[in-house]
Amino acid sequence: MVPNALPILIVEDDGPTQTLLQALLRRGGFDTEVARNGLEGIERLQAHQYAAVVLDLMMPGVGGKDVIDYLSTAPDKVPVVICSAAGPAALTGFDPSLVKAIVRKPFDVDQFIAAVTAAAAGLEHVAQPAGRVLIVDDDPGARYTLRAFLELPDIAEAESGEEALEMIRQSPPDLVLLDLALPGTQGEEILRQLASQEQTRALPVVVVTSRKLDFAERSALLEHAVAVIYKGDLSRDTLRDAVAAALQRMR
């Protein structure tokens, strides 16, 4: 079923990505048009009507933020789905009445189509926190639950403290979800090591633990972690709120 008779405008400067987005949206029942840069996107928006805009941010010359600035003052507020490989700091602070969803490349196909469908239909789509997340937990069931709750396309996993530290050294994530009881290096030691190094000092960490903590223990953890979640209180909402707040602090 075609959600909207109007086409989707794809504003993207990379040719292969244009082709991919067109193919995915056509599979979802949409007609599409492509603008190869921000200036061409604005010109098309001035001349034609669209159900939604799928917008890259990082383009030479007139970029995605310029397109958003134009739409914020245009008479027709066309909903925007940002689709970008930009880091978390560049993917926050947008007007939610205009930017309906943020999809970070590489993305989950079903989530991308769902976001565009909701935007084109005038529905609210819950934008997920944008960022690469590292889950550190030796329990595969816990890792599965955290991954399922987040529903993000860019999630890595580590089963031990040593593995986590090596992964962070090789490719720093945007956020760490950290269990305390780990084989080898314990969670508290990982927090201390991250806080002691300049390149990882600002890395946000959310502790997710089954350990019952007293006030002093919790306060000590919060010297380095941005949030502490007891696994017995874990839910989709509590986790997403903590992750969104942690990524927001990186701005």
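Residues numbered from 1 in each chain as written. Predicted model: local features only at pLDDT ≥ 70, side-chain atom pairs only at ≥ 80, totals over all residues. Heavy atoms only, no water.

1. A short note on the sheet that holds strand β4 (residues 80-84)
Item 1. With parallel pairing, the five strands of this open sheet are ordered in space as β2-β1-β3-β4-β5. Every other strand in the sheet has two partners, leaving β2 (32-35) and β5 (99-104) as the edge strands with one partner each. Adjacent strand axes in the sheet meet at a mean angle of 20°, parallel and antiparallel pairs treated alike.
Item 2. For β4 and β5, the ladder comprises five bridges, and the chain directions are parallel. Bridging from a neighbouring strand, V80 pairs with V99 of β5. (Pairing = 2+ DSSP bridges. Helix = DSSP H or I, 4+ residues; strand = E, 2+ residues; numbered from the N terminus. Axes fitted to C-alpha atoms, helices over the stretch in contact; angles between N-to-C directions.)

2. Focus: the sheet that holds strand β10 (residues 227-230)
Item 1. Pairing in this open sheet of five strands is parallel, and the strands run β7-β6-β8-β9-β10 from one edge to the other. Looking at strand neighbours, the two that pair on one side only are β7 (155-158) and β10, the edges of this open sheet. On average, adjacent strands in this sheet sit at an angle of 20° to one another, irrespective of strand direction.
Item 2. Both strand β6 (residues 133-136) and strand β8 (residues 175-178) contribute to a ladder of four bridges, which runs parallel. Each bridged residue has a counterpart across the sheet, and for I135 the counterpart in β8 is L177.
Item 3. The strands touched by helix α5 (residues 140-150) are β6, β7, β8 and β9 (205-209); relative to β7, the strand with the most contacts, the crossing angle is about 165°.
Item 4. Contacting β6, β7 and β8, helix α6 (residues 161-170) runs over the sheet at an angle of about 140° to β7. (Contact = heavy atoms within 4.5 Å.)

3. Structural notes on the pattern of salt bridges
Item 1. Within the structure shown, the criterion is met by 15 salt bridges.
Item 2. For E188, the salt bridge goes to R211, with nearest N and O atoms at 2.6 Å. Here E188, found in helix α7 (residues 187-196), pairs with R211, found in the loop between β9 and α8 (215-221); they are 23 residues apart in sequence, far enough to count as distant.
Item 3. Residue E188 is classed as partly exposed on the basis of its relative accessible area, which comes to 22%.
Item 4. In this structure, a network of salt bridges that share partners links the residues E33, R36, E40 and R44. (Salt bridge = Lys/Arg side-chain N within 4 Å of Asp/Glu carboxyl O. Buried < 20%, exposed > 50% of the residue type's maximum accessible area, 1.4 Å probe, protein only.)

4. Describing the side chain of T209
Item 1. Along the chain, the position of T209 falls in strand β9.
Item 2. A polar side-chain atom of T209 sits 3.0 Å from the main-chain amide nitrogen of R211.
Item 3. Those residues within four positions of T209 in sequence are excluded, and the remaining contacts are D179, L180, V228, I229, Y230 and K231. (Polar contact = N/O pair within 3.5 Å; in protein donor to acceptor, adjacent residues only side chain to side chain.)

5. With respect to the nonpolar core
As a rule of thumb, nonpolar side chains are buried together in soluble globular proteins.
Item 1. One finds L45, V53, L55, I68, L71, V80 and I82 to be the most contacted residues of the largest nonpolar core, which totals 22 residues.
Item 2. At the level of secondary structure, the elements contributing two or more residues to this core comprise β1 (8-11), α2 (38-47), β3 (52-55), α3 (64-73), β4 and β5.
Item 3. If you tally residues by element for this core, the top one is α3, at three residues.
Item 4. With 21 residues, the next largest nonpolar core counts L25, V54, V81 and V116 among its residues. (Core = buried A, V, L, I, M, F, W, Y, C linked by side-chain atoms within 4.5 Å.)

Coordinates in, geometry out; function isn't part of it.
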